[in-house]
Amino acid sequence: MKSWLYVIIAAVVAFLGYKLWFAPEEEGGGASVPRIRIPLENDQPAPGTPDEASDSRRSLGLDEGAELADGGTIRPPRDETAWALLEQHDTAVREGHGSTAKGLRTKILKQHAESDPARLLLFESGKAFYQRYRQLGRSKEGLEAARDARRLMTPALFLRDADPQEKESLRRVLAELADAVLFSARHVDGVDRVYTPKSGENLDTLRRKTFKTWGATSTPEFVAEINGMGSPTRMRAGEPLKVPLGKPALVVVKSEYRIYMLLDGCYVRDYPIGLGREGSTPEATFQIVTKVENPDWFAPNGRRVPFGDPANILGTRWMGFKNTAEHASFGIHGTSEPDSIGKDESAGCIRMLRADVEELFRWIPRGTLVEIRRY
């Protein structure tokens with residue numbers, strides 16, 4: 001009898017140890033998987049049915065355990081062909097025609113890769129990987145599932161008509177995945193490579209030579225952040241470094257007053273922003289070519305306003321865009337007016353809070369592309 005009791009106690013201890021070691025670190029049990037809905041154009045509840053969200057929106061079943069919903073015809077905001085293919089795909093799924101659904105999915109992802117239907121299909125796949133990560137935690141297999149979930153779920157950030165609260169849930173999920181995959185000491189295949197520095201090497205030289213050949217272009221400060229070093233100068237010979245792969249990019253979503261940092265197309269962080277008066281922030285793609293700490297500001301009349309002057313509106317950092325034939329003198333900067341974040345009060349540039357712009361400044365190299373879009 002005692003031997004059976006010992007076996008039971010040992011099993012309980014082993015299970016608790018596994019959960020403590022591998023379970024994702026989060027408060028309140030972690031973020032729930034968001035449910036993405038696309039509103040119907042001119043949608044009205046049918047006679048005799050309750051006027052609820054489920055009647056006025058078509059859900060594609062992106063919450064945990066949900067099934068694909070019936071009914072409704074989506075009136076496409078952009079790509080009518082892609083939405084029609086998605087309707088056919090959903091019908092094939094409901095009717096059990098797996099091979100037909102697979103072919104339609106492939107067609108949408110290949111021929112309409114930038115459409116909302118493609119983003120929704122990717123998100124559906126990402127949800128399954130996220131649930132696998134939640135089950136396996138930070139084991140090797142769990143982190144690989146988190147890697148795939150992050151890659152597949154990131155495009156859903158740019159769905160045109162998703163509910164704002166669901167977007168917020170999605171950001172929490174992606175931040176959780178970024179913390180597990182990127183901002184941790186664990187190596188994850190396809191996300192980073194491990195390098196052991198030699199005596200006399202420094203992060204700046206390694207970035208421009210060795211890391212560049214791997215396709216790793218992050219700043220030394222970002223590599224230091226990933227490795228918990230605090231500063232690039234704290235790199236030590238013989239201590240392995242986790243080097244994140246891929247090229248950073250920024251996406252500004254004007255309708256959300258938010259800027260997203262991506263790495264290799266995957267979510268890293270997002271920040272609230274302020275925009276230009278009367279729509280003066282252009283919707284275009286730029287490249288960051290200058291980075292200045294404690295910048296002077298040149299007023300519209302040409303007067304130079306030095307850093308530290310109360311009239312200087314640039315805050316502590318400036319990331320200037322390369323001029324184009326259509327647009328000149330735009331960039332990202334801090335602000336002396338934090339209440340302007342979330343509003344249209346600049347002359348066209350993108351404003352950020354001090355702590356946010358200083359963090360982004362450290363993490364983003366010159367040459368980074370910035371896409372500014374409405375949705």
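Look above for the structure.
Keep in mind the model is a prediction, meaning the values are calculated, not measured.

Cut-offs used in this document
- Residues numbered from 1 in each chain as written.
- Predicted model: local features only at pLDDT ≥ 70, side-chain atom pairs only at ≥ 80, totals over all residues.
- Heavy atoms only, no water.
- Pairing = 2+ DSSP bridges.
- Helix = DSSP H or I, 4+ residues; strand = E, 2+ residues; numbered from the N terminus.
- Buried < 20%, exposed > 50% of the residue type's maximum accessible area, 1.4 Å probe, protein only.
- Arc of directions from axis to C-beta.
- Contact = heavy atoms within 4.5 Å.
- Polar contact = N/O pair within 3.5 Å; in protein donor to acceptor, adjacent residues only side chain to side chain.
- Expected span 1.5 Å × (residues − 1).
- Axes fitted to C-alpha atoms, helices over the stretch in contact; angles between N-to-C directions.
- Nonpolar A, V, L, I, M, F, W, Y, C, P; charged D, E, K, R; others polar.
- Salt bridge = Lys/Arg side-chain N within 4 Å of Asp/Glu carboxyl O.

(A) Summary view of the sheet that holds strand β5 (residues 248-253). Read from one edge of the open sheet, 8 strands run β7-β6-β5-β16-β9-β12-β13-β15, paired in mixed fashion. With partners counted over all chains shown, the strands left at the sheet margins are β7 (266-272) and β15 (350-351), one partner each.

(B) Highlighting helix α8 (residues 203-213). Buried within α8 are the following residues: Leu203, Leu206 and Phe211. Looking straight down α8, one finds its buried side chains confined to an arc of 60 degrees; they lie on one side. Residues Lys209, Lys212 and Thr213 are exposed on α8 and point more than 90 degrees away from its buried face. On the buried face of α8, the contacting elements are β3 (192-195), α9 (220-226) and β4 (241-244). Capping of α8 at its N-terminal end is provided by Asn202; its side-chain oxygen lies 3.1 Å from the backbone amide nitrogen of Asp204.

(C) Main features of helix α7 (residues 164-181). Its 18 residues place the ends of α7 25 Å apart at the C-alpha level, agreeing with the 26 Å of an ideal helix rising 1.5 Å per residue. The backbone nitrogen of Gln165 has a side-chain oxygen 2.9 Å away, supplied by the residue at the start of α7, namely Asp163.

(D) Molecular detail of the packing of helix α3 (residues 80-94) against helix α5 (residues 116-136). Between α3 and α5, the shortest axis-to-axis distance is 8 Å and the interhelical angle comes to 35 degrees. Between α3 and α5, the residues in contact are Ala82, Trp83, Leu86 and His89 and Asp116, Pro117, Leu120 and Leu121, respectively. Per-class residue counts for the contact of α3 with α5 are 6 nonpolar, 1 polar and 1 charged.

(E) Examining the pattern of salt bridges more closely. In this structure the tally under the stated criterion is 23 salt bridges. Across the salt bridge formed by Asp296 and Arg304, the nearest N and O atoms sit 2.9 Å from each other. For Asp296, a relative accessible area of 29% gives the class partly exposed. Because the salt bridges share partners, they merge into one network encompassing Lys167, Glu168, Arg171, Arg172, Glu256, Arg258 and Asp270.

Take it as geometry only, folks, not as evidence of what the structure does.
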